[in-house]
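So you can see what is in the structure, the chains are spelled out below.
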Amino acid sequence: MTHRRQAVRGLAAALAALVALTAAGCSSKAKTGDGKQTGAGGVQTGEGVTDKTITLGALTDMTGVYATLGKSVTQAQQLYVKQVNAAGGICGRQLALTVRDHGYDPQKALAAYTELEPKVVGYTQFIGSPFVAAVKPQVDTKDKGLVLPQAWSASLLGSPYIRVLGATYDVETINAVDFLLKEKGLKSGDKLGHVYFEGDYGENALKGSKYAAEKAGVTVVEQKIKPTDNDMSAQVSALKQAGVKAVVISAGPRQAASLVGVAAATGLKVPVVGNNSAFAPQLLGTQAGPALEKMYWFASPSLPIGADTPTAKKLVADYQAAYPGDSLDNGIVAGWTAAGVFGEALKKACADKDLTREGVDKALLSLKAHDAGFGMTHDLGDPKAPSSRESVIIQPDKSVPGGMRTVRQPFVAEAAKSYTP
Amino acid sequence: MSETLARSGLRVRTPAVYGWAAAALVLVALPFYLDRFWLQAGLFAMAAALGALGINLLTGATGQLSMGHAFFLAVGAYGYCLFAGDGTDGLAGLGLPGWLAAVLAVALAGLAGGVFSPIAGRLRGAYLGIATLALIFIGQHVLFNAHDLTGGYNGRAVPPLSLFGLTFDDTELLVAQVPFGAVEKLWYLGLALLLGGFLFARGVLRGRPGRAMNAIRDHRIAAGVMGIPVARYRAAVFVLSSMYAGLAGVLLALVFQRTVPEYFGMALSLEYLAMIVIGGLGSVAGAVAGGVFVSLLPQLLTRYSDALPLVSAPGTGGIAPGEASRYLYGAAVVAVVLFLPGGLARLAVRKPKSPTTQSPTPTITEPSGETR
Amino acid sequence: MSTFAEFLINGVSLGSIYALIALGFVVIFRATEVVNFAHASLLLAGGYVTAVLHDEIGFWPALLAGIAGAAVVGAAVEFFVMRRHRGADHSVLAIVTIGVDILLATELTRRIGTDILALGDPWGDAVLTVGPVTIAQTRIAALLVAGLLITAFLLAFRYTSWGVAMRAAAENQETAALMGIRLGRVSLGAWAVAGALAAVAALFLTVFPTPGLERATSLAALKAFPAAILGGLDSTTGALVGGLLVGITESLATGYQSDLAFLGRGIGDLAPYLVMVAVLLIRPAGLFGTKELARV
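These numbers come from a predicted model, not from an experiment.

**Q** Quick question: what am I supposed to make of the sheet that holds strand 4 (residues 94–101) of chain A here?
**A** Whenever strands of a sheet pair, they do so through backbone hydrogen bonds, lying parallel or antiparallel. Residues and elements named next belong to chain A. Ordered by their spatial adjacency, four strands build an open sheet running 4-3-5-6, and the pairing between neighbours is parallel. The open sheet is flanked by strand 4 and strand 6 (146–149), the only strands paired with a single partner. Within this sheet the neighbouring strands show an average axis-to-axis angle of 20°, counted without direction. In this structure, strand 3 (residues 53–60) lies alongside strand 5 (residues 122–126), joined through four bridges in parallel fashion. When the bridges of strand 5 are listed, Ala58 appears paired with Gln125. The strands touched by helix 2 (residues 67–86) within the sheet are strand 3, strand 4 and strand 5, with strand 4 carrying the most contacts at an inclination of about 165°.

**Q** How should helix 4 (residues 90–112) of chain C be read in this particular structure?
**A** For an α-helix, 3.6 residues make a turn, and residues three or four places apart therefore share a direction. An ideal rise of 1.5 Å per residue puts 33 Å on 23 residues; helix 4 of chain C measures up with 32 Å between its terminal C-alpha atoms. One or two positions beyond helix 4 of chain C, positive phi appears at Gly113 of chain C, with a value near 60°.

**Q** How should I be thinking about the domain arrangement of chain A in this particular structure?
**A** Interface size is commonly expressed as the accessible surface area that is lost when the partners come together. Residue and element names in this part refer to chain A. According to the domain assignment, chain A contains domain 1 (40–167 + 307–388) and domain 2 (169–300 + 394–418). Relative placement of domain 1 and domain 2: their C-alpha centres are 29 Å apart. Contact residues are listed per partner, giving 17 residues for domain 1 and 18 residues for domain 2.

**Q** Teacher, can you tell me more about the sheet that holds strand 8 (residues 219–225) of chain A here?
**A** Residues and elements named next belong to chain A. Spatial strand order, 8-7-9-10-11-15-16: seven strands in an open sheet with mixed pairing. Every interior strand has two partners, whereas the edge strands, strand 8 and strand 16 (404–411), have only one. Pairs of neighbouring strands in the sheet enclose a mean axial angle of 25°, with direction left out of account. The pairing of strand 10 (residues 272–274) with strand 11 (residues 296–300) spans three bridges and is parallel. The residue bridging Val273 from the neighbouring strand is Trp297, located in strand 11.

**Q** I tried to follow the nonpolar core on my own but got confused; where do I start?
**A** Looking at soluble globular proteins, one finds that nonpolar side chains tend to be buried together. Ranked by size, the top nonpolar core spans 376 residues in total, and within it Val260 of chain A together with Val333 of chain B carry the most contacts. The residue makeup of this core includes at least three contributed by each of domain 1 (40–167 + 307–388) and domain 2 (169–300 + 394–418) of chain A. Apart from the residues lying within four places of it in its own chain, the contact partners of Val333 of chain B are Ala274, Val277 and Ile278 of chain B together with Ile95, Val96, Ile98 and Gly99 of chain C.

**Q** Looking at this model, I keep getting lost on the interface of chain C and chain A. Mind explaining?
**A** Listed as interface residues are 29 residues of chain C and, on the opposing side, 33 residues of chain A. Among the elements of the structure, helix 1 (2–32), strand 2 (133–136) and helix 10 (236–255) of chain C are those that each provide at least two residues to the side of chain C that touches chain A. Take the side of chain C that touches chain A: its biggest share by element is four residues, from helix 1 of chain C.

**Q** Where do I start with the confidence of the model for chain C in this structure?
**A** Where the model shows low pLDDT, its predicted coordinates should not be examined in detail. For chain C, the average pLDDT comes to 85, and 95% of its residues sit at 70 or higher. At the level of chain-chain contacts, confidence expressed as ipTM amounts to 0.85, with global pTM at 0.86.

**Q** Please clarify how helix 3 (residues 106–116) of chain A should be interpreted in this entry.
**A** Within helix 3 of chain A, eleven of the eleven residues are buried, leaving the element largely enclosed by the surrounding structure. Buried residues in helix 3 of chain A make contact with strand 3, strand 4 and helix 4 (129–143) of chain A together with helix 3 (36–61), helix 12 (230–256) and helix 14 (284–303) of chain B.

**Q** Can you walk me through unusual backbone geometry in this structure?
**A** Most peptide bonds take the trans configuration, and most residues that are not glycine carry a negative phi. For the bond from Phe208 of chain C to Pro209 of chain C, the omega torsion is 0°, close enough to zero to count as cis. Inspection of the secondary structure puts Pro209 of chain C in the loop between helix 8 (183–206) and helix 9 (224–231). Although it is not a glycine, Tyr104 of chain A sits at a positive phi angle of roughly 55°. Along the chain, the position of Tyr104 of chain A falls in the loop between strand 4 and helix 3. Under the C-beta neighbour-count criterion, Tyr104 of chain A is labelled buried, with 22 such atoms within 10 Å. We note that Glu33 of chain C has phi near 60°; this positive angle belongs to a residue other than glycine. Relative to the helices and strands, Glu33 of chain C is located in the loop between helix 1 and helix 2 (39–57).

**Q** Sorry, what's going on with the environment of Ile17 of chain C here?
**A** Residue and element names in this part refer to chain C. Mapped onto the fold, Ile17 is located in helix 1. Between the C-alpha atoms of Ile17 and Leu63, which are 46 residues apart in sequence, the distance is 16 Å. What Ile17 contacts, discounting residues up to four positions off in sequence, is Ala142, Ala146, Ala201, Phe204 and Leu205.

**Q** Sorry, what's going on with the pairing of strand 4 of chain A here?
**A** Note on strand geometry: in a regular strand, side chains alternate between the two faces of the sheet. Residue and element names in this part refer to chain A. Where strand 3 meets strand 4, eight bridges bridge the pair, whose relative direction is parallel. Within strand 4, the residue paired with Leu59 across the bridge is Arg100. Chirality of the crossover, the property in question, places the unit of strand 3, helix 2 and strand 4 among those that are right-handed.

**Q** Please clarify how the packing of helix 3 (residues 59–80) of chain C against helix 8 of chain C should be interpreted in this entry.
**A** Any two packed helices are characterised by the angle at which their axes cross and by the distance between the axes. Residues and elements named next belong to chain C. At their nearest, the axes of helix 3 and helix 8 sit 7 Å apart, and the two run at 140° to each other. Here the hand of the crossing between helix 3 and helix 8 comes out right-handed. Counted together, Leu63, Gly66, Ile67, Ala70, Ala71, Val73, Gly74, Ala75, Val77, Glu78 and Phe79 of helix 3 and Ser187, Leu188, Trp191, Ala192, Ala194, Gly195, Ala196, Ala198, Ala199, Val200 and Leu203 of helix 8 form the full contact between these two elements. Residues that form the contact of helix 3 with helix 8 fall into these classes: 17 nonpolar, four polar and one charged.

Criteria and thresholds
- Residues numbered from 1 in each chain as written.
- Chains lettered and ligands numbered in written order.
- Predicted model: local features only at pLDDT ≥ 70, side-chain atom pairs only at ≥ 80, totals over all residues.
- Pairing = 2+ DSSP bridges.
- Helix = DSSP H or I, 4+ residues; strand = E, 2+ residues; numbered from the N terminus.
- Axes fitted to C-alpha atoms, helices over the stretch in contact; angles between N-to-C directions.
- Contact = placed C-beta atoms within 7 Å.
- Expected span 1.5 Å × (residues − 1).
- Domains from an automatic or database assignment.
- Core = buried A, V, L, I, M, F, W, Y, C linked by C-beta atoms within 7 Å.
- Buried ≥ 20, exposed ≤ 12 C-beta atoms within 10 Å, placed from the backbone.
- pLDDT = per-residue confidence, 0-100.
- Right-handed = clockwise from strand over helix to strand, strands pointing away.
- Left-handed = near helix turned anticlockwise from the far one by under 90°.
- Nonpolar A, V, L, I, M, F, W, Y, C, P; charged D, E, K, R; others polar.

This is how it looks when you write it as structure tokens:
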């Protein structure tokens, strides 16, 4: 047994040596200071900021279930960074966007967050609200870097560092129901169908529709579906049986297309309104295209990509030049808006000579009326509320760039004003 | 273990012992040097290895195909939250001490396996594989719908484990000037669990039960004739494998600090099957190697996507790192069975020069089984 | 009542598509005793070829190309992978098909990307209305085609030499080989046929009422697993009955989900699996599966 004892003794000695080594500062992990420095231009800097670059992180999904959204958001943000850099950067520094694709896998998402955390000042994009929820305690207590999730669930509100841009799903749904009430003849005593995804998005939206329905004396007929369901025949039959006068759909583009297609074909001729995630321009090329143009609308937290504003027109032109052949959708607007908000916060932080995470967080809270150029202003002063309660109603239309035409300009429904999540 | 060492003689053993000691030393020292990303990746790999040990007992050693492993991981992870949660977040919680909750969660996973045993004991091979698919779907349905228990879509927060007065959370603990957060502390817990799980699985496979399991795999009828209670064994191995999965689930939950239902889907079950095939079916060391390989591969590719040829950074077209890792491990499964039956474990056995060095692959013909 | 009829007809037509996919499993299982987890990718491959070609060469030629394409992919999998380890344990072979599935699915989803591809079928969104019941024409086509194909297979199994060879191979591989049956050819044929059936199923899974072929289409093939198992993996009749059972269960559970709300909403996807577990508890070999008799 001597060799064993030797080994144990050797191990102990080596361990002691190791502890001595780290104590002497050989491990780069050993604690030294708080990481804040004063850099070029007398600006305080922290994680992710050097004298030359400001590094931002993007945790996206380009190979998983949200690939369509992730691709547009990421490319728009890459475009934003390119343009800012071409114009001289922010605070005398160039922006760098480090993108990690997690493919909607929680393990990869968490790993990517952890990997980028020491390297970036914040995240312009984080797709997947469960993953945002997973890192929330860490963000709130330790990391304190800004995270702009590409999800509009009310459950993400409340953190001073994780900020939702635009109306949350519940508020958006209230606005959508308001559109049905005001313009599509839905009235007290009617039945309203609501087809929704299981999970955060759908259930948050359901809260909104129930609230709005109660206010208006309408009853909601629920149909819960899964993201893998592509055929809405059974749902349409059930809704028809229940005698609904209008339908809200809080699901993906495919489900919306199937629902509207089946409803049109089987004689359930009622208006259908979706949330902003329930439409993609690709749908107009499918069988359901004509029906969608006729009886489908959706609510969105900003004007569509094809809107008639200077920012939108320039973005469309630049985007098409940078990514020829890629379709135009509202993910581009969302990505661009988020990157713009982050850039604005950085500029403000620079003016305050504080580019640390705390400085950027503070700068963001002072953005009370940020206009992203898509029809509405964002108030980022209150972490407990969405940055805006406004929605626009959009109708699919092949003849417009991006396939979307605004039919109701930014508005907040009465019910949405009084609503608290 | 010590008898084996003593019996096999000092001269031959010494280099191996030093090799193991060096490896152990490196593993123990890592938290002092690696940053959080690597430690987290390592912990994911350890959890994967633990789960792979379990399914290896079932699929590798007993020949029972299971696609429901992810379900039992979920039972472990959510079970831990249920027992340890204090109910302050509005979700059901019993507020038990962390260590007890962990033990109970593993037991719960075993119980869940036991409930499924009327099916697990009677079906075999592919039939069982598809029947266990049902577990995944049932699991997902419950995770999404039993809101009070699971927190629904966004999952629930995982209370930190405390053991002997040490709490495995992010409160900093300075060890030799190095701040120890959750991952650093959990690293040692993970190592201990993996070592324990490894030795236990090896013990099972080298002893009587292991031989019985292999006999069932190789010839079910002959095994029955020889007096092995086939159905009972199948059910028991299923329970054991579920408990391993439960333990892996607890560890994963502690690393994630949040349980997310999305994670426990079919893809995860398939990953575990890939692990044991790549590692080497029926081999304990192989299961660990396969677990580490499959869980580290995507993370490495993602991290170094900028530097690798063929793989392109997301958003630039071409093959994304996530896709590249799926190609690689899909190809690895096919290639291993084609060209390297026995998996990575076989590769390791071929290498050592000394012929008397004991193989890390336990097979029933090996004399070392007698040490028990 | 008319709603019930609608659910039922929907379920039957959906079930007939599942039956087509399940039949593919059964054909492969009978010839080689391997459960093919790569079936979902064969389906996606067939659909993809059809979707890509229909604009240039028209729908019917594209459909034929899709069927041929999926058959070739199936045969290639058999020839380059499965054939290399015939004789290995069947569980191991099943896991190999998982590896193949990962490879094929990754490649196909990468190609499809974020698109939703239309298949250019001639039915469009036309519906047939009989009294109070409306049903999509595509679904009627699916029902007819599936019924035709399955009948053809039942007959082929019984009367053609290929069918006899396959049955012999399933019965006892060694004896079959000794009788001069080329096992390689039988299993190659089985894989090709399974691919072709999957391509037909892909067509009906992606036309109206669903929006088109996209990366998640292959998930629908998963529903054929319980169909094949509850019918009995080695029974063609079982595939038909299993497929119909799964389709009807799913359709009814989805349609009446408000009445089943106590089970949690969205029970439709789960119901086929619950039926499967219940059947397996009573009949471990499925409804029509051959009970294994062990002679010692």
